[in-house]
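Listed here are the chains, written in short residue letters.
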Protein chains: 2
Amino acid sequence: MTATSELTYYIGAFVDELVKSGVNEVVISPGSRSTPIAIMMAEHPNLNIKVLIDERSAAFYALGLAKVTGKAVALLCTSGTAATNYYPAIVEAYYSRIPLVVITADRPHELRDVGAPQAIDQIKLYGDYAKWFVEMSLPSEDKGKLQYVRTVAARATGTALAAPSGPVHLNFPLAEPLVPDLSLENIWTRHHEKVLSIMENNLGKLTITESEAIKISTLLSENKKGVIVCGEIKDDEHLRAQIVALAEKLQYPILADPLSQLRSGVHRKQVIVEGYDAFLRGEHALQELKPEVIIRFGSMPVSKFLSLYIKKTDCLQLIVDGDGTWRDPTLQATHIIHSDEALFCEAILPKLPVVNEQADWLNKFLLINETTKKVLTNHLDDVPLFEGKVISQLQQILPASSCLFVGNSMPIRDLDTFFFTNNKRIKLLANRGANGIDGVVSSALAASSVHEHTVLVIGDLSFYHDMNGLLAAKLLNLNITIVLINNNGGGIFSFLPQSKVEKHFEALFGTPTDLPFGHAVALYNGQYDKVENWQDFHEKMEHAFSTKGLNVIEVSTNRLENEQLHRKMWENVSREIQLSRKKEF
Amino acid sequence: MTATSELTYYIGAFVDELVKSGVNEVVISPGSRSTPIAIMMAEHPNLNIKVLIDERSAAFYALGLAKVTGKAVALLCTSGTAATNYYPAIVEAYYSRIPLVVITADRPHELRDVGAPQAIDQIKLYGDYAKWFVEMSLPSEDKGKLQYVRTVAARATGTALAAPSGPVHLNFPLAEPLVPDLSLENIWTRHHEKVLSIMENNLGKLTITESEAIKISTLLSENKKGVIVCGEIKDDEHLRAQIVALAEKLQYPILADPLSQLRSGVHRKQVIVEGYDAFLRGEHALQELKPEVIIRFGSMPVSKFLSLYIKKTDCLQLIVDGDGTWRDPTLQATHIIHSDEALFCEAILPKLPVVNEQADWLNKFLLINETTKKVLTNHLDDVPLFEGKVISQLQQILPASSCLFVGNSMPIRDLDTFFFTNNKRIKLLANRGANGIDGVVSSALAASSVHEHTVLVIGDLSFYHDMNGLLAAKLLNLNITIVLINNNGGGIFSFLPQSKVEKHFEALFGTPTDLPFGHAVALYNGQYDKVENWQDFHEKMEHAFSTKGLNVIEVSTNRLENEQLHRKMWENVSREIQLSRKKEF
């Protein structure tokens with residue numbers, strides 16, 4: 001028994017159990033203190049390692065990977081500020097409920113808080129953002145210690161995955177020597193200790209009782225005018241079918257956020273309404289569409305006007321949350337229902353009357369939605385390079401099975417407005433836990449490692465913020481097309497009240513950087529192109545789809561022009577709805 | 001009294017007091033929730049604002065600015081993950097004792113923890129790394145509230161500066177409307193409320209008593225063989241003179257870390273020894289130089305071999321710390337003395353015997369040091385592009401008054417070995433709180449905004465990590481010369497035991513990125529040049545000094561060759577010392 005064998009068997013058992021409990025991918029950032037874990041991870045036959053240098057981007061890459069695979073992904077870094085660079089992605093993972101197993105190496109106890117180099121206090125480094133924090137024991141090959149380290153590994157994966165999913169943090173104090181001995185026998189199972197993960201990790205689901213289901217279905221039968229609002233929710237064919245079936249039976253429209261994955265796919269879409277952000281701005285529509293009941297699934301939708309519609313409506317509001325949390329910034333909920341969303345639909349559906357006669361109510365939504373989409377589409381016909389049109393163009397151009405990742409601020413809002421229902425299988429993604437402009441490039445690159453065709457639409461400030469993330473494209477040979485919407489600064493601020501205060505506006509909010517991004521793309525050996533017009537956009541996108549590697553297509557727009565075009569559309573939508581309403585009578 | 005006037009006067013009083021209490025610089029990252037604070041800061045006549053988009057780089061810029069000015073610097077960002085990007089710099093500031101006033105905007109209470117967009121839990125976001133955290137009251141123009149907000153502002157600055165200096169965090173919940181009204185009268189002082197900062201903020205200093213001074217001086221008089229070790233410490237001419245006077249009177253050598261600022265400057269340097277990292281590797285030198293007492297000032301020095309020398313020596317060890325903390329990773333301290341370092345010297349000096357006869361002890365150090373420096377210098381004579389020689393060349397080339405900022409890992413170690421005592425005024429800087437490779441570019445750029453000639457020596461991984469920081473050079477029109485030592489990966493790992501394990505080494509530790517950094521420099525409109533030989537290096541450095549803006553000079557080296565050259569030098573130093581020792585007898 002030597003320090004090296006203790007280290008080898010202890011870390012070996014940990015890594016082995018981590019893999020057996022379901023972690024197949026780890027993103028490692030280089031460092032010295034983390035040496036034994038990194039080497040054992042690289043040595044494990046069933047673990048894929050990705051090495052990325054900037055921990056901030058590395059963590060957002062891991063987040064993206066967990067998002068598209070639905071599995072827990074591990075992160076490993078060394079001691080010191082390295083670990084603090086994970087913080088943005090950890091907070092995003094916490095709010096977007098993404099399972100991460102964050103592993104940090106640390107100095108041993110005697111080198112803490114005494115001014116030793118690269119030693120920082122890593123105990124509960126991420127505060128309440130880690131669902132579970134463990135200060136690990138020192139390495140030992142004692143059988144009890146190996147059982148312990150296996151249990152922690154399996155429990156870490158299980159805890160990260162359990163509802164609501166999120167990040168867990170394991171901190172490993174490690175003393176020298178730091179190099180494991182790979183020539184030892186049975187490095188993965190020293191004592192044939194019990195392997196926990198062979199027991200299936202059964203993650204329970206919340207559900208409602210029979211009597212609650214009866215109460216709720218009665219409530220819904222009594223309230224004929226209802227809407228279903230669906231925000232970001234897990235990507236599951238069965239769940240989609242259930243929500244659609246519920247809406248059809250109730251004859252409620254589904255106001256479907258793009259991240260609900262309800263706008264694209266093979267499910268029925270007759271009751272899906274997507275133009276709400278535009279038409280709920282008009283007073284007339286609001287009057288017309290006052291509901292008696294709102295059922296909400298998933299996170300709060302992107303649309304501010306849909307949020308206001310929910311907030312201003314004094315009616316029954318049922319929030320169904322399979323993660324057992326309280327997501328209601330409108331503070332209008334009348335029922336918080338902790339139930340798996342599919343189980344909820346399954347429980348309610350058989351209890352509803354066979355046909356719910358209220359076609360008028362649903363049709364009103366469908367008509368207004370059609371009008372809205374027509375106005376928006378007409379407007380796009382001959383606009384110059386306009387941010388909204390990028391989305392509608394992509395909807396046409398994207399291959400039948402693909403992934404569209406969008407940045408925060410403007411792209412996600414344009415996606416909301418201009419991405420209509422269709423029968424392709426386009427997965428729509430964004431980092432909407434905390435809506436940061438940070439880390440988006442890295443998360444999208446991770447998505448591209450799983451989806452054959454991935455397009456990221458991102459603004460220039462967000463692209464700049466995570467340019468370091470582009471290194472993954474080069475080192476991991478990823479294929480992605482990035483549509484860089486360059487309005488030279490913070491486009492969204494033009495829509496906010498501070499844009500009316502001219503003084504200080506450009507310095508504090510407009511913040512033009514005038515960066516020639518072609519250089520950034522060249523640094524990572526990517527293809528860069530600037531688009532002149534829509535014909536050009538089509539051709540360059542087609543070319544990018546058939547070109548391997550990193551492709552960046554820049555679309556230059558003007559912030560002021562962009563804001564005016566948006567506003568003009570919304571006014572026209574409002575006017576058209578009013579006109580068509582008059583025609584009705 | 002309107003919501004807007006409450007907002008304006010409240011934030012006005014805060015910003016006004018912040019400035020009056022000594023904050024003249026704020027680094028702002030754009031955002032929506034922080035709008036009122038940003039606008040009021042931009043409006044204040046005595047506050048300089050710098051707008052930087054990536055909060056991680058922004059915070060390291062603020063850290064660098066506080067480091068070179070000695071003043072508290074403010075940071076402002078919006079709600080959400082923006083604030084988490086500050087974490088690396090906040091941890092560095094905590095350990096390197098740099099005063100920062102971190103201001104984050106937050107959503108009002110009703111939008112917290114309910115799934116509202118861009119709302120994260122910001123309460124104690126930085127854990128124990130904020131010396132002081134305040135959840136601010138909502139805006140109000142009530143006189144009591146304005147007194148309150150002023151008090152918090154003044155106290156925040158005072159707390160950040162008080163020993164040990166560090167970061168404080170103020171979190172402002174803000175509801176809409178977010179735009180202040182600059183046309184209101186007396187926006188800075190609504191009620192002529194008491195301005196706290198007109199009372200001088202007297203930061204007390206720790207000192208020892210008369211009787212303790214007698215005890216300590218007696219102890220030192222009885223122990224003739226002593227050394228003074230000085231790590232990073234505040235840059236103060238008087239302090240330097242006091243430490244040198246103490247050493248001269250005791251006839252102790254000063255083992256002076258580069259960041260002690262004792263190697264360069266106008267003070268006397270006869271007893272300063274800088275070759276210790278090289279000569280303390282040899283067993284012979286260690287035997288010869290066993291002390292009876294060690295006095296330590298400042299943080300732990302960079303040199304691992306100096307640390308081992310301290311750790312292995314069983315003798316009296318006095319640690320003098322003006323910040324009242326416990327900095328002793330060697331765990332060998334016999335006396336922890338909480339006293340301002342200059343006051344300590346002043347108290348002891350008059351109590352020591354007039355002449356301390358022990359020239360032999362001191363001379364032994366001085367001779368070995370001279371031998372070491374000669375061997376190192378000879379070695380540099382005809383080496384090819386070698387990382388260590390960059391430092392010695394810079395020492396010659398740098399203007400008489402300048403700033404040399406170095407990155408962590410290799411550059412700081414080469415600085416330690418190859419930067420010898422001289423009479424120029426070269427300020428030596430590094431981020432050694434947590435020794436991260438992150439944020440170095442930004443901190444050095446901040447130094448360049450104060451020092452006329454600033455050179456940053458940095459490795460390729462560290463440069464890559466904070467490439468986003470280069471935007472400051474462009475937006476703020478800074479002049480800097482960056483010597484980019486490109487060994488294509490993590491050079492320091494070649495010196496560590498894992499380099500002996502060939503398997504996985506390049507993938508996990510070497511991590512070559514093969515980035516053509518010229519593109520990164522072009523992105524920010526800088527000058528980029530690659531150096532062929534030393535003649536070329538000289539010419540290009542001279543040219544860079546006379547060229548405004550961002551200048552990057554790349555020196556390509558080979559990791560393996562670099563390691564071998566270092567090792568050969570250390571062996572020769574050891575051999576020469578042994579030889580010269582034999583000659584003596």
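Keep in mind that what you see is a predicted model, and the values were worked out from it rather than measured.

A. View of the overall build of chain A. Tallying secondary structure elements over chain A gives 22 helices and 18 strands in all. A compact globule built from 585 residues would reach a C-alpha radius of gyration of about 25 Å, and chain A, at 26 Å, matches this within 12%. In terms of principal-axis extent, the alpha carbons of chain A reach across some 90 × 65 × 45 Å. In chain A, which comprises 585 residues, the proportion classed as buried is 65%. Nonlocal contacts in chain A, meaning residues at least 24 apart in sequence, comprise 78% of its contacts between residues at least 6 apart. Across chain A, the centroid of the 57 positively charged side chains sits 4 Å from that of the 68 negatively charged ones.

B. Broad picture of the relation of the copies chain A and chain B. Rotating chain A by 180° and moving it 0.0 Å along the rotation axis overlays it on chain B with an RMSD of 0.0 Å. Interpreted geometrically, this transformation is the action of a two-fold axis. Looking at the rotation axis and the C-alpha trace of chain A, the residue lying nearest is histidine 519 of chain A, at 2.5 Å.

C. Spotlight on helix H2 (residues 35-43) of chain A. Of all nine residues in H2 of chain A, nine are buried, a share of seventy percent or more. Of the positions making up H2 of chain A, those classed as buried are Thr35, Pro36, Ile37, Ala38, Ile39, Met40, Met41, Ala42 and Glu43 of chain A.

D. Expanded view of the domain arrangement of chain A. Residue and element names in this part refer to chain A. Considered domain by domain, chain A is made up of domain 1 (3-196), domain 2 (210-372) and domain 3 (387-556). Inter-centroid distance (C-alpha atoms) of domain 1 to domain 3 is 32 Å. Facing 19 residues of domain 1, the contacting portion of domain 3 comprises 26 residues. Of the roughly 1700 Å² buried between domain 1 and domain 3, counting both surfaces, carbon and sulfur atoms make up 64%. Connecting domain 1 to domain 3 are zero salt bridges. Across the domain 1-domain 3 interface, the total number found is eleven residue pairs in polar contact (both at pLDDT 80 or more). Among the elements of the structure, strand E2 (48-51), helix H3 (55-69) and helix H5 (87-96) are those that each provide at least two residues to the side of domain 1 that touches domain 3.

E. Spatial organisation of the pairing of strand E18 (residues 550-556) of chain A. All names here are of chain A. Counting buried positions over the seven residues of E18 gives six, a clear majority of the element. Two strands pair when backbone bridges link them, and strand E17 (residues 527-530) and E18 are joined in this way by four bridges, in the parallel orientation. Along E18, the bridge assignment pairs glutamine 527 with asparagine 551. Crossover handedness for the path E17 to helix H21 (residues 534-545) to E18: right-handed.

F. Quick look at the interface of chain A and chain B. Residue-level contacts link 82 residues of chain A with 82 residues of chain B. Carbon and sulfur atoms supply 62% of the area buried between chain A and chain B, which totals about 6700 Å² over both sides. Considering only the side of chain A, the residues that lose the most area to chain B are Tyr464, Leu508 and Leu523 of chain A, jointly responsible for 10% of the buried surface there. Our count for the chain A to chain B interface comes out at four salt bridges. Remark: the boundary between chain A and chain B carries 32 residue pairs in polar contact (both at pLDDT 80 or more). Taken together, the residues of the side of chain A that touches chain B break down into 47 nonpolar, 18 polar and 17 charged.

G. Spatial organisation of the pattern of salt bridges. Inspection of every chain in the model, using the stated rule, returns 60 salt bridges over all chains. Aspartate 323 of chain B is the salt-bridge partner of arginine 97 of chain B, the closest N and O atoms lying 2.9 Å from each other. Here the residue arginine 97 of chain B occupies a position in the loop between helix H5 (87-96) and strand E4 (100-106), and aspartate 323 of chain B occupies one in the loop between strand E11 (316-320) and strand E12 (335-337), the gap between them amounting to 226 residues. For glutamate 370 of chain B, the salt bridge is made with lysine 373 of chain B, and the minimal N-O distance between the two is 4.0 Å. Residue glutamate 370 of chain B and its partner lysine 373 of chain B are both found in helix H13 (residues 359-380); the two are separated by three residues, about one turn of the helix. Judged by relative accessible area, glutamate 370 of chain B falls into the partly exposed class, the value being 45%. Judged by relative accessible area, lysine 373 of chain B falls into the buried class, the value being 11%. Through salt bridges with shared partners, a single network forms among Asp235, Glu237, Arg240, Arg425 and Lys427 of chain A.

H. The arrangement of the UniProt feature "domain: Thiamine pyrophosphate enzyme N-terminal TPP-binding" (unreviewed entry) in chain A in detail. The UniProt feature table records "domain: Thiamine pyrophosphate enzyme N-terminal TPP-binding" (unreviewed entry) at residues 13-124 of chain A. Here residues 13-124 of chain A is 41% helix and 18% strand, with 24 Å between the C-alpha atoms at its ends.

I. Summary view of the side chain of lysine 389 of chain B. Relative to the helices and strands, lysine 389 of chain B is located in helix H14 (residues 387-397). At 5.9 Å, aspartate 381 of chain B is the nearest oppositely charged side chain to lysine 389 of chain B, a buried residue that forms no salt bridge.

J. Inspection of helix H15 (residues 410-418) of chain B at higher detail. In terms of burial, H15 of chain B is largely enclosed, as eight of its nine residues are buried. Among the residues of H15 of chain B, Met410, Pro411, Ile412, Asp414, Leu415, Asp416, Thr417 and Phe418 of chain B are the ones counted as buried.

K. A look at the sheet that holds strand E6 (residues 167-173) of chain A. All names here are of chain A. Taken together, six strands build an open sheet; the order of strands is E2-E1-E3-E4-E6-E5 and the sheet is parallel. Strands with a single pairing partner mark the edges of an open sheet, and in this sheet they are E2 and strand E5 (133-135). Adjacent strand axes in the sheet meet at a mean angle of 20° when their direction is disregarded. In this structure, strand E1 (residues 25-28) lies alongside E2, joined through four bridges in parallel fashion. Following the sheet pairing, valine 26 is matched in E2 by isoleucine 49.

L. Up close: the packing of helix H7 (residues 210-222) of chain A against helix H12 (residues 341-348) of chain A. Residues and elements named next belong to chain A. It is at 9 Å that the axes of H7 and H12 come closest, and there the two elements cross at 75°. Viewed along their axes, H7 and H12 adopt a mutual orientation that is roughly perpendicular. In contact with Ala213, Ile216, Ser217 and Leu220 of H7, H12 contributes Phe344, Ala347 and Ile348.

M. Quick look at the sheet that holds strand E3 (residues 73-77) of chain B. Residue and element names in this part refer to chain B. Spatial ordering of the open sheet is given by E2-E1-E3-E4-E6-E5, a layout of six strands whose pairing is parallel. Edge positions in the sheet fall to strand E2 (48-51) and strand E5 (133-135), since each of these pairs with one other strand and no more. Strand after strand, the sheet turns through a mean of 20° between neighbouring axes, direction not considered. Note that E4 and strand E6 (residues 167-173) share seven bridges and pair parallel. Residue pairing across strands places threonine 104 opposite asparagine 171, the latter belonging to E6. Against the sheet, helix H1 (residues 3-20) engages E3, E4 and E6, with an angle of about 165° to E6.

N. Broad picture of the packing of aromatic side chains. Residues and elements named next belong to chain A. Scanning the model with the defined rule gives 30 aromatic pairs over all chains in all. Ring geometry for phenylalanine 297 and phenylalanine 344: centres 6.0 Å apart, planes at 70°, overall edge-to-face. A residue pair is termed long-range when its members are at least 10 positions apart, and phenylalanine 297 in strand E10 (residues 293-297) and phenylalanine 344 in helix H12 qualify at 47 residues. As far as burial versus exposure is concerned, phenylalanine 297 and phenylalanine 344 are alike and both buried.

O. Representation of the pairing of strand E14 (residues 425-429) of chain A within the structure. Most of E14 of chain A is tucked away, with four of its five residues classed as buried. On the question of chirality, the crossover connecting strand E13 (residues 401-406) of chain A to the parallel E14 of chain A by way of helix H15 (residues 410-418) of chain A is right-handed.

P. Region of interest: the side chain of arginine 112 of chain A. Residues and elements named next belong to chain A. By the secondary structure assignment, arginine 112 is in the loop between strand E4 (100-106) and E5. Within the structure, arginine 112 has its side chain in polar contact with the side chain of glutamate 135 (distance 2.9 Å). Sequence-distant contacts of arginine 112, defined by excluding residues within four places in its chain, comprise Asp106, Arg107, Ile123, Glu135, Asn171 and Pro173.

About the thresholds
Residues numbered from 1 in each chain as written. Chains lettered and ligands numbered in written order. Predicted model: local features only at pLDDT ≥ 70, side-chain atom pairs only at ≥ 80, totals over all residues. Heavy atoms only, no water. Helix = DSSP H or I, 4+ residues; strand = E, 2+ residues; numbered from the N terminus. Rg over C-alpha atoms; globule rule 2.2 N^0.38 Å. Buried < 20%, exposed > 50% of the residue type's maximum accessible area, 1.4 Å probe, protein only. Contact = heavy atoms within 4.5 Å. Lys, Arg positive; Asp, Glu negative; His and termini not counted. Charge placed at Lys NZ, Arg CZ, Asp CG, Glu CD. Least-squares fit on C-alpha atoms with pLDDT ≥ 70 in both. Domains from an automatic or database assignment. Buried area = accessible area lost by both parts, 1.4 Å probe. Salt bridge = Lys/Arg side-chain N within 4 Å of Asp/Glu carboxyl O. Polar contact = N/O pair within 3.5 Å; in protein donor to acceptor, adjacent residues only side chain to side chain. Pairing = 2+ DSSP bridges. Right-handed = clockwise from strand over helix to strand, strands pointing away. Nonpolar A, V, L, I, M, F, W, Y, C, P; charged D, E, K, R; others polar. UniProt positions renumbered as here; feature names shortened; annotations may be inferred. Axes fitted to C-alpha atoms, helices over the stretch in contact; angles between N-to-C directions. Parallel < 35°, antiparallel > 145°, perpendicular 65-115°, else oblique. Phe/Tyr/Trp six-rings, centres within 6.5 Å; stacked < 30°, edge-to-face > 60°.

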